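Architecture and fold: a report
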Amino acid sequence: MTTSANGRRKPPTVHDVAREAGVSRGTVSRVLNGGHYVSATARKSVDAAIKKTGYVVNRHARSLITGRSDSVAFLLTEPQEKFFEDPNFNVLLRGCTEHLARHDIPLLLMLASNEDERRRLTRYITSGHVDGVLLVSSHSGDPVTAELLDAGIPLVACGKPLGFGGKVSYVAVDEREGAHEMVRHLVSTGRRRIGMITGPLDTPGGTERLAGYRDVLAESELPYDPALVVEGDYRRSGGEAAASQLLDQAPDMDAVFVASDLMAQGVVSTLQRAGRVIPDDIAVGGFDDSPAATAVSPALTTMRQPFDRISAEMVRVLLAQIAGEDTAAVILPTELVVRDSA
């Protein structure tokens, strides 16, 4: 760090880094902009010089040159309280933040829980304040996806967005196959009156997990009974209410597949209050393998979503799209985790 005429310490510059590393200013600039056409030796020297000098990128100056903000939005189109209640959102946010940090890109958390917030945030995003959007919890008919798409904003959805065909990049698990595996497991334990609490049916997880449930009933020659299916909202309170409804509609139910672990927590609580023993009277299967799965007794048998891989792929696909690549879809497998509830 150098000193100015008035005695104040000046922050290190690209010239300082270049001098310390023994390379040209252009080489330093190439390293800072992705490392293209730079040898491994030169990159190592520049990285060491940045660390030694304490150089920090002037993002405002760089954005004026590149036309980019060098930041990304994590946009959640759900009520704010749901962000704090559902552990999946926090796991995804942490993973995306960590993977973007490896590229020195900050992540802006944006919550759009009503029409005014969606309008305000969409205007902010389309004004160039972020380079791209990681969209979480997209519902069918939600205008945000269409507006961002029309504005040409690089966009990656978590879960297959309904109604957009191949127009939107996304990263998802194989929802239907995950449901297949869970319901087959319940059938393998001898259960024959298997209920289901779905996710919201305007979301891909809601529709695909229900479809998987129905597939396995058909292959197992078990009749589909509408009284055994209740739509949920991915909240614990929603799981409690749905379980009460199922007990009223189908008191002979001997298993229930719940489309999220958080709802399954509520289901377990309701069943236990009703005097049902889990899994002796009713087996319970969840979905996610979130922290909620082991925060309940008995611990949940569930389908594990690979949240770290989901985060990593969302970041990779978005950065590729920002760089000019076409849309892409990534489908990841789930994994059955057997615990005490089924």
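Reading the values: rules and limits
Residues numbered from 1 in each chain as written. Predicted model: local features only at pLDDT ≥ 70, side-chain atom pairs only at ≥ 80, totals over all residues. Heavy atoms only, no water. Domains from an automatic or database assignment. Pairing = 2+ DSSP bridges. Helix = DSSP H or I, 4+ residues; strand = E, 2+ residues; numbered from the N terminus. Axes fitted to C-alpha atoms, helices over the stretch in contact; angles between N-to-C directions. Contact = heavy atoms within 4.5 Å. Salt bridge = Lys/Arg side-chain N within 4 Å of Asp/Glu carboxyl O. Buried < 20%, exposed > 50% of the residue type's maximum accessible area, 1.4 Å probe, protein only.

1. Some thoughts on the domain arrangement of the chain
The parts lose accessible area when they come together, and the size of an interface is often stated as this lost area. Split into domains, the chain comes out as domain 1 (2-57), domain 2 (72-173 + 307-333) and domain 3 (175-304). The gap between the C-alpha centroids of domain 1 and domain 3 is 56 Å.

2. Structural notes on the sheet that holds strand E8 (residues 255-258)
Within the open sheet, the four strands sit side by side as E7-E6-E8-E9. Their pairing is parallel. Every other strand in the sheet has two partners, leaving strand E7 (229-231) and strand E9 (283-285) as the edge strands with one partner each. Neighbour-to-neighbour, the strand axes of this sheet turn through a mean angle of 15 degrees, independent of strand direction. The pairing of strand E6 (residues 194-198) with E7 spans three bridges and is parallel. In the sheet register, Met196 faces E7, and the bridge partner there is Val229. Contacts from helix H12 (residues 261-273) reach E6, E8 and E9, with the element oriented near 155 degrees to E8.

3. Overview of the pattern of salt bridges
Here the structure, examined in full by the defined rule, presents 15 salt bridges. Among the salt bridges present, the one from Lys52 reaches Glu20, with a minimum N-O distance of 3.2 Å. Separated by 32 residues along the polypeptide, Lys52 in helix H3 (residues 40-53) and Glu20 in helix H1 (residues 14-21) bring together distant segments of the chain. Looking at Glu20, the relative accessible area reads 39%, which means it is partly exposed. Residue Glu335 pairs with Arg304 through a salt bridge whose shortest N-O separation is 3.5 Å. Taken together, the positions of Glu335 in strand E12 (residues 335-337) and Arg304 in strand E10 (residues 302-304) put the pair 31 residues apart, joining distant regions of the chain. For Glu335, a relative accessible area of 43% puts it in the partly exposed group. Looking at Arg304, the relative accessible area reads 31%, which means it is partly exposed.

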